[in-house]
Every structure is written in C-alpha cells, then in structure tokens.
Amino acid sequence: FYEIKYKTEQRKKEAEAKKLFFFSADSLKKIRVDLKEEYYVLEKSQQGKWNFKEPFPTLAHQAEVNRLIETVVNLKQQGVIGKGVKNLADFGLAPPVVKLTLWLKNNSCFKTLYFGSRNPTKEYLYLMTGQDSMVVLVNASVIFEVKRRMFDLRDKDLCSFNRADIDRIEIAIS
C-alpha cells in the first residue's frame with residue numbers, strides 16, 4: 001500500500017514539474033493569435049463569454065475557444081533545448097508558426113508564446129516563451145489547436161433563440 005501511494009505521489013510531482021504554466025483558464029482575459037496569414041484578438045466579456053475584438057468584432061464559438069485555452073493552460077514540456085538559443089530559424093521560430101500573447105484579468109501581459117516547427121522525430125514541437133527566451137519541446141499535437149484561424153473559432157450560428165420561445169415555424173417558398 002505504501003509503495004503504490006508513493007509512486008502515485010511521485011507521478012503527480014513529475015507531471016506538475018513538466019507543467020509550463022500555473023494559471024487557470026478562468027484567469028485569462030484576452031488572447032492575441034498571430035498566424036502567418038492573419039491575426040485576431042479574443043477578449044472575455046464581463047458575462048464570461050469570449051468574443052473577437054480584432055480585426056472586427058464578432059461572436060466566438062465558446063466551446064472551440066475554451067478548447068484552445070485548455071490546450072495552452074495544460075502545456076507540458078517534454079524536453080528543454082535551452083535559454084538564449086542563437087539560431088531561432090533552426091527551430092522554426094524566426095518567424096514563428098504561431099505567436100500567442102496572453103493577458104490576465106488584471107490587464108497585464110502575462111506570456112508570449114512562440115510556436116515553431118516540429119523536431120526531427122516529428123513527435124515534438126519547439127516552443128519559446130517570450131519572457132525568458134527558453135526553448136522547450138511540447139507535444140506536436142498542440143499545433144492543431146493553436147494554429148486555428150479566426151473562421152474556425154467564430155460562432156457560425158445563423159440565428160440565436162430560445163427553443164421554449166418558439167410556437168411554430170413557417171417556411172415559405174416562392
């Protein structure tokens with residue numbers, strides 16, 4: 001019994017040590033995503049809903065944005081390349097594939113993340129944090145979430161209404 005508990009605690013400690021960020025998804029207020037072909041800014045309203053602010057204001061699909069945020073919040077480093085890496089182009093970081101800037105609720109710019117190319121085994125992706133210029137390896141699968149275009153994250157509902165408020169629907173064909 002002691003051995004099992006000890007190993008479980010060790011695994012938890014190891015998983016915590018690999019975690020890159022120690023903030024919750026609820027503490028984020030604003031996100032800027034810069035891709036090679038476009039950029040967009042998402043901001044959380046006072047009601048807790050995410051909306052696009054730039055390049056034009058529109059509604060965001062809440063579940064898709066929350067999936068992006070959870071991916072970023074739960075990033076785990078799989079290896080460390082080092083600080084102050086000289087040739088960023090070797091890691092696909094000059095220019096980066098995706099640049100993500102995160103703001104906390106107190107409007108302070110919290111982190112800037114630069115996602116680069118995959119490593120030679122294609123299993124990991126190079127990631128540089130802007131504050132300390134540390135280059136680490138993260139699972140390559142995160143690129144599918146962070147490299148999403150504005151179109152992928154916007155709300156695509158044609159109209160919104162409460163089902164309980166509908167008595168009937170009429171369709172007229174001319």
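In what follows, the structure referred to is the one given above.
Sequence order as written defines residue numbering, which begins from 1 separately in each chain. Per-residue local features of the predicted model are confined to residues with pLDDT of at least 70, and side-chain atom pairs are confined, for both listing and counting, to 80 or more; whole-chain, interface and lining totals are unaffected and use all residues. Derived side-chain values reflect all non-hydrogen atoms in the structure, with water molecules and hydrogen atoms excluded from consideration.

Where do I start with the side chain of Arg148 in this structure?
Helix and strand assignments follow DSSP, with helices taken as H or I runs no shorter than four residues and strands as E runs no shorter than two, numbered in order from the N terminus. Within the element layout of this structure, Arg148 appears in the loop between helix H3 (143-146) and helix H4 (150-153). Once residues within four sequence positions are removed from consideration, Arg148 is found in contact with Leu35, Tyr40, Glu64, Arg67 and Leu153. Note on contacts: a residue pair is in contact if any heavy atoms of the two residues lie within 4.5 Å.

What is the right way to read unusual backbone geometry from this model?
Where the residue is not glycine, phi is negative for most of them; where a peptide bond is considered, it is trans in most cases. Residue Pro55 is bonded to the preceding Glu54 through a cis peptide linkage, with omega at 0°. Examined against the element boundaries, Pro55 turns out to sit in the loop between strand S3 (50-54) and strand S4 (58-59). Here the residue pair Ala94 and Pro95 is connected by a cis peptide bond, since its omega of -5° sits within 30 degrees of zero. Structurally, Pro95 can be placed in the loop between strand S5 (79-83) and strand S6 (98-104). Even without being glycine, Lys122 reaches a positive phi, approximately 65°. Residue position: Lys122 is located in the loop between strand S7 (109-118) and strand S8 (124-129). Only protein chains enter the accessibility calculation, which uses a 1.4 Å probe; a residue whose area is less than 20% of its type maximum is buried, one above 50% is exposed, and one in between is partly exposed. With relative accessibility at 53%, the residue Lys122 sits in the exposed group.

Is there a simple way to think about the pairing of strand S1 (residues 28-35) in this case?
Sheet faces and side chains relate simply in a regular strand, where the side chains alternate between the two faces. In this scheme, strands are said to pair when DSSP sees at least two bridges between them. Note: S1 against S6, seven bridges, orientation antiparallel. Residue pairing across strands places Ile31 opposite Leu102, the latter belonging to S6. As defined by bridge partners, S1 adjoins strand S2 (residues 39-44) across five bridges and the pair is classed as antiparallel. By the bridge assignment, Arg32 is partnered in S2 with Val41. The antiparallel hairpin formed by S1 and S2 contains three residues in its connecting segment.

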